[in-house]
Amino acid sequence: MAWKLLELHLGLVMVLFVLTCVHAITEPKDVTALNSLYISLEEPAQLTLWNSSGGDPCGGGWLGVICTGSNVTELHLNQKGLSGNLGYSLTALQQLLILDVSGNNIQGNMPSQLPPLVRLLRNLGGNVITGNIPHSLKELTNLTELNLSHNKLQNGVPDVWTQLTSLRLLDLSFNELTGSLPRSIGDLSALTSLNVENNHLTGNLPLSMSNLTNLQYLNLQNNRFTGWLPPNLNPRDVRISGNNFSNQPAPPPPPYTPPPPRQPAPRRIPPPLRQRTPAAAVESSEKSGFWTGGRIAGVAVVVLLLFAAAILCFLYVSWRRRGERGVRDNAGRKHSWLQPIFFKEKSVQSNQSFGDLGVTEASGEKIASPQEMRKNASPMKTQELKAPPSFKSNGENGPSKTPPSRPPPARSAKAIVPAIAYSVADLQAATNSFAQENLIGEGSLGRVYRGEFTDGQVHAVKKLDSSSPLVQNEQDFLGILSGMARLRHGNITELVGYCAEHGQRLLVYQYISRGTLNDILHTKDEDTKRLTWNARVKIALGAARALEYLHEVCLPAVVHRNFKSANVLLDDELNPHLTDCGIAALTPLGSDRQVSTQMLGSFGYSAPEYAMSGIYTVKSDVYSFGVVMLELLTGRKPLDSTRLRAEQSLVRWATPQLHDIDALAKMVDPALKGIYPAKSLSRFADIIALCVQPEPEFRPVMSEVVQALVRLMQRASLNKRRSGDDLGASNRSMDRQYDPSDSST
């Protein structure tokens, strides 16, 4: 009997041990490190589910903790009202890649040791961190962004930058740093943004900064630098006010002086030469003649160089004349060869019917597909987009030098914006001085207010944050708006007007009544119930058409860069309208990946290549579109720390199940209550699987996605007609063919 009791006890102990091992999936060192961090932060109640001892951060849904496997890889603790200090346990998080504790009240010294593999110390700013910048930074060779701004860091900038060849953004602004910049700053070959504003830095800038050939943004304001900017340092945006730089022209580089020749060993000189005087030597050289071989060769080289320079000048003048001639459209207006041209496209509104490929309007007029438009649109046939009635345009814009991923800023101070120019007083009156009750949203660059204008129109007024250099610079701002205002599509919110006076920068958009797709999907109310399966496919198709227009119709292509459900607005008929198109151009290069509190919601939409290297292309937009389709399919958020660890990342959880019919049925949003066509669901999942592939080259272009969604809706319409659904002929509107309240497909 005793043996049986002993065996029973041993069995219970083994079961408890196994259950403990199964539950505790997080790496023990990571658990200990987070326990210690929780204690250092004074055990804040707002860090829900965190413990000071033990626990399972990855499996237990600890707030702000994101894991890969059993390792903690991301910590997002921004704007949580945290105090205390960061302690000394961060270095134990051996697999941590992203750390964000911005906008808190964290005090104490900067940790002397940091996680060895961290790539993004994205934002330690906006705290009260003191002490020195640690020398251990030199070991973080994977680091791509370092933001220590708005703290109280003291003493000098350490000489630790030589090995950080992947660092692209360095922000040390608004601290109490002293001394001069170290020479190793010039070794940051990938650096695109450097900000040391509002410190106490002194001395000359190191000449090694001439090597920063990729630098686009340099802010040295309000320090005590002297001397001159290093030669060949030509960022696109330079800010140097509040220093003691010399007003005199920079001195030329010192002439090259060869090293003194080595003294030859004494040798015996023949007596006749030793007795020759300098005068005799000159006389001898004059007798040998002026045109020596060396002089003839030198003259020949000079002649060849002059001939080559003449040819280059001729080619340059010819190229300039060709660029100035430009082309003229049918109306006789001039387009420069250097100016980006946006093709005029008929907006694909919701009153379309699907003929051969869904390209026929109810009026019977044929709308060309993007491929046909690109094929048929030569510079001589391209028409300029018409400005609003109140805008007088002469049809010309300045040349642009921006990359093809964004509407280019014109460099002329007289940039023409085909939109209404409002005054600050107009917008204050419309929004009741930007009253809190009129606040309807907050985006990556500012807040959005509802405005009622004197003509009875209701618009959305976006008040931009002035931190972006391109927002502050009126020339750049108007140049970017010139491209944004020319975007015309039925699924893109129209830029109605703007304001650029008294240092204020505001945008006036078409007002969309229903709100964002994100709010409707993730708010359990009557709006969610209206999102039937057909309505979701309709929303996906409209959003896909918007991206197709930006990528394949606009020249140069416009990359949205922040495509997510919060930027898809819905009207009363649940037609989608993509907003913030082209606004990414207002983010300066080098700050593209700097994350504000409003942009943290974009993490789950970011393509792998952007998260790893900062590269963002049209194929990155395709990936983000696939994530939004997953939201429509499942009703889940892209990142949800409240779920089990294996289900926190929507893409990682859903992708393996997209081709499993049984698993797919379990993934569907419960709000649909099982009312959806199985074949349509499967084809929808196939499109998602193509869009969220990790390799960008294997993702489809948006025109292919549009065609696939059109075929999906055509089949649904055909099935309805075959089943006796009285929806009429092919020229009925899409709203009636795909009524949101009807889910009988």
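Keep in mind it's a predicted model, so treat the numbers as computed, not measured.

As for the state of the cysteines
Counting across every chain of the model gives one disulfide. The disulfide that involves C58 links it to C67, with 2.0 Å between the sulfurs. Across the S-S bond linking C58 and C67, the dihedral sits near -90°, which makes this disulfide left-handed. For the pair C58 and C67, a shared accessibility class is recorded, and that class is buried.

Brief notes about the sheet that holds strand β26 (residues 568-570)
Strands sit in the order β25-β26-β27 across an open sheet of three strands; the sheet is antiparallel. Strands with a single pairing partner mark the edges of an open sheet, and in this sheet they are β25 (515-516) and β27 (576-578). Of the strand pairs in this sheet, β25 and β26 are connected by two bridges, and their pairing is antiparallel. Bridging across to β26, G515 finds its partner in L570. Against the sheet, helix α12 (residues 533-553) contacts β26 and β27, and its axis sits at roughly 30° relative to β27.

What to know about the confidence of the model for the protein chain
Of the residues in the protein chain, 69% reach a pLDDT of 70 or more, and the chain-wide mean stands at 75. Considering only residues more than four positions removed or in separate chains, one finds that residues 262-289, a stretch of pLDDT under 50, has two contacts. In this model, residues 323-413 is a region of pLDDT below 50 whose contacts with residues beyond four sequence positions or in other chains number 209 contacts.

A look at a positive patch on the surface
A cluster of basic residues, K679, R683, R711 and R715, forms a positive patch on the protein surface. Only α17 (678-691) and α18 (702-722) provide two or more residues apiece to the positive patch. Structurally, the position occupied by R711 is in helix α18.

Description of the pairing of strand β23 (residues 495-501)
On a regular strand, each side chain points to the face opposite its neighbour's, so the side chains alternate between the two faces of the sheet. Among the seven residues that make up β23, six are buried, leaving the element largely enclosed by the rest of the structure. Pairing of strand β19 (residues 420-421) with β23 involves two bridges; the strand directions are parallel. Following the sheet pairing, A421 is matched in β23 by Y498. Judged from the six bridges that link them, β23 and strand β24 (residues 504-510) form a sheet pairing that is antiparallel. Bridge pairing in β24 links L495 to Y509. Once β23 ends, the chain turns through two residues before running back antiparallel as β24, passing H502 with a positive phi of about 55°.

Reading the values: rules and limits
Residues numbered from 1 in each chain as written. Predicted model: local features only at pLDDT ≥ 70, side-chain atom pairs only at ≥ 80, totals over all residues. Heavy atoms only, no water. Disulfide = S-S within 2.5 Å. Buried < 20%, exposed > 50% of the residue type's maximum accessible area, 1.4 Å probe, protein only. Pairing = 2+ DSSP bridges. Helix = DSSP H or I, 4+ residues; strand = E, 2+ residues; numbered from the N terminus. Contact = heavy atoms within 4.5 Å. Axes fitted to C-alpha atoms, helices over the stretch in contact; angles between N-to-C directions. pLDDT = per-residue confidence, 0-100. Patch = residues over 30% accessible without salt bridge, like charges linked within 9 Å, V, L, I, M, F, W, Y side chains within 5 Å. Areas by Shrake-Rupley, 256 points an atom, 1.4 Å probe, with all protein chains shown as cover. Salt bridge = Lys/Arg side-chain N within 4 Å of Asp/Glu carboxyl O. Lys, Arg positive; Asp, Glu negative; His and termini not counted. Charge placed at Lys NZ, Arg CZ, Asp CG, Glu CD.

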